[in-house]
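Spelled out from the first residue to the last, the chains are:
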Amino acid sequence: MMIAFIDTIPIWFPGSLALFALTCASGFFSGSETAIFYLSRAELRQFSKGKPSEQIIATLVADADRLLTAVLFWNLLINLTYFAVAGVIAKSLADKGMTAAAGVFSVGSLLAIILFGEVLPKSLSIVFRKKIAVLVSWPLAFSVRILDPVIPLLQNISKLMRRTFWPQIQKESYLHSEDLERAVDASGASEEVIRHERQILHNILDLSEMPVEEVMRPRGTYLTFNMPFKLEDLTKITPNTDYIILRRRENDSDEINQIISLTDLSSFSEKALNQKSKRIVHVPWCANLAEVFSRFQTEDCHFASVVDEYGETIGIATYDDIIDTILSPEPSRAKRILRREPVIEVTTGVYHVEGITTLRYLCRKLQQDYELADDSLLTVAGMFHEKLERLPEVGDLCDWNGYRLNVIEVRRLGHLIAELRKVEPDNTNAPFEE
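In this report, the structure presented in the accompanying data block is examined. (Residues numbered from 1 in each chain as written. Predicted model: local features only at pLDDT ≥ 70, side-chain atom pairs only at ≥ 80, totals over all residues. Heavy atoms only, no water.)

Residues apart from glycine generally show negative phi values, whereas peptide bonds are mostly found in trans. Even without being glycine, Q367 reaches a positive phi, approximately 60°. Although it is not a glycine, N401 sits at a positive phi angle of roughly 50°. Note that N401 resides in the loop between strand 11 (397-400) and strand 12 (403-412). (Helix = DSSP H or I, 4+ residues; strand = E, 2+ residues; numbered from the N terminus.)

Going through the model one piece at a time under the given rule, you end up with eight aromatic pairs. The interplanar angle of 90° and the centroid separation of 5.5 Å between the aromatic rings of Y82 and F83 together place this pair among those described as edge-to-face. Overall, F83 belongs to the partly exposed group, its relative accessible area being 41%. Plain terms: the ring middles of F296 and Y319 are 6.5 Å apart, the flat faces sit at 55° to each other, and that makes the pair tilted. Of this pair, F296 sits in helix 13 (residues 289-298) while Y319 sits in helix 14 (residues 319-327), placing them 23 residues apart in sequence. Judged by its relative accessible area of 2%, F296 is buried. (Phe/Tyr/Trp six-rings, centres within 6.5 Å; stacked < 30°, edge-to-face > 60°. Buried < 20%, exposed > 50% of the residue type's maximum accessible area, 1.4 Å probe, protein only.)

Glancing now at the nonpolar core. Formed by 32 residues in total, the largest nonpolar core has its most connected members in I36, I57, L60, L67 and L140. Those elements that place two or more of their residues in this core are helix 2 (9-37), helix 3 (41-48), helix 4 (52-62), helix 5 (64-95), helix 6 (99-127) and helix 8 (137-146). The dominant element in this core, judged by the number of residues it contributes, is helix 5, at 10 residues. In this structure, V343, V380, L416 and A418 belong to the second largest nonpolar core, which totals 22 residues. (Core = buried A, V, L, I, M, F, W, Y, C linked by side-chain atoms within 4.5 Å.)

Moving on to the pattern of salt bridges. For the structure on display, the rule yields 18 salt bridges. K91 is the partner of D95 in a salt bridge, and the nearest nitrogen-oxygen pair spans 3.2 Å. With D95 and K91 both in helix 5 and four residues apart, the pair spans about one turn of that helix. Accessibility classification places D95 together with K91 in one group, the exposed group. R336 is the salt-bridge partner of D324, the closest N and O atoms lying 2.8 Å from each other. In this pair, D324 sits in helix 14 while R336 sits in helix 15 (residues 333-338), placing the two residues 12 residues apart along the sequence. Taken together, the salt bridges that share partners define one network made up of R217, D321, D324 and R336. (Salt bridge = Lys/Arg side-chain N within 4 Å of Asp/Glu carboxyl O.)

Have a look at this one:
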């Protein structure tokens with residue numbers, strides 16, 4: 001038996017070398033696909049600014065359909081060739097009367113392509129995705145470039161087959177907030193979990209209608225210094241300072257360029273402070289939070305300068321502020337800035353309200369529905385400015401949604417505290433007073 005098997009070496013050995021090469025090629029494309037498509041968005045952004053091999057990967061992923069079509073084509077071609085060669089070898093062994101060896105060879109070749117051509121390369125690619133992606137960049141780019149003349153034809157064939165055999169497939173309609181709420185309700189979770197999920201869902205949906213001005217930290221709530229930052233500037237920092245804004249004075253412009261998050265610092269040396277400064281993107285005051293959040297993700301930035309129609313900075317918005325707006329049960333810009341509750345119930349039905357409190361948050365505290373008004377009023381102080389057409393003073397009154405607000409304290413320019421109480425029915429027609 002052994003002699004007979006040795007005599008068949010010329011039959012299966014050359015083919016086994018071919019199978020080994022095909023297995024390596026299959027593992028190359030399988031591992032490449034997994035490694036590249038497993039890269040995170042942040043890693044791809046780093047690749048786009050890195051070495052030439054890293055930039056190649058970022059360029060390939062930018063046209064994912066082209067890359068995936070090429071990888072699947074080569075993988076399919078290699079696997080078909082592999083099984084064709086394995087079938088020829090098994091038939092040759094069977095023709096020599098070694099049917100048992102032919103059966104073992106067929107099963108072994110199948111297990112080999114599964115294990116070494118798919119499972120092992122994909123597993124390694126998940127763990128070492130960045131290193132493997134860099135290693136395969138040049139040969140993978142070459143293999144994709146070879147198929148460039150054929151890829152449009154393959155895509156058209158795929159589209160034709162889809163329209164021929166599955167013409168009833170249609171694009172799903174846009175999901176409305178009510179559909180998402182019903183999906184949460186049908187999740188089978190407990191009532192407490194559903195309540196929190198629904199609240200977060202509402203917060204996410206609100207991003208598309210909330211202007212960034214409603215979440216930003218207004219000018220005056222942070223400190224601004226000229227670049228570069230110096231250690232003596234630390235003496236001007238107050239205990240409630242979270243961010244330091246750095247501006248570059250050029251051509252009489254006060255445009256801010258960098259920001260330092262004090263919560264990210266472990267040391268306060270002059271070098272560390274300037275090295276830890278992060279760049280800022282500029283967004284208009286009317287941009288909604290969904291657009292700003294999307295820009296944070298695409299540009300790998302966590303800070304934005306909010307500018308008015310004159311191009312002047314009126315505040316800053318941060319990635320953490322948007323995340324807090326999504327996850328907090330009662331998101332409030334005033335609460336983040338003041339580090340305390342901005343609406344305090346002093347007695348039953350009587351509240352003290354900070355001027356920077358948004359009307360959206362005030363409605364939530366009073367359990368009322370909120371609708372963005374046509375006049376785009378966002379805060380309690382802004383409502384007083386609109387009604388009075390001047391800076392509020394102690395004793396000024398303002399009626400809003402069945403409530404009356406009375407200015408009881410003006411701390412500094414534009415900063416006030418108002419007392420809010422329900423208007424009695426017999427006072428609903430009372431004249432507006434200043």
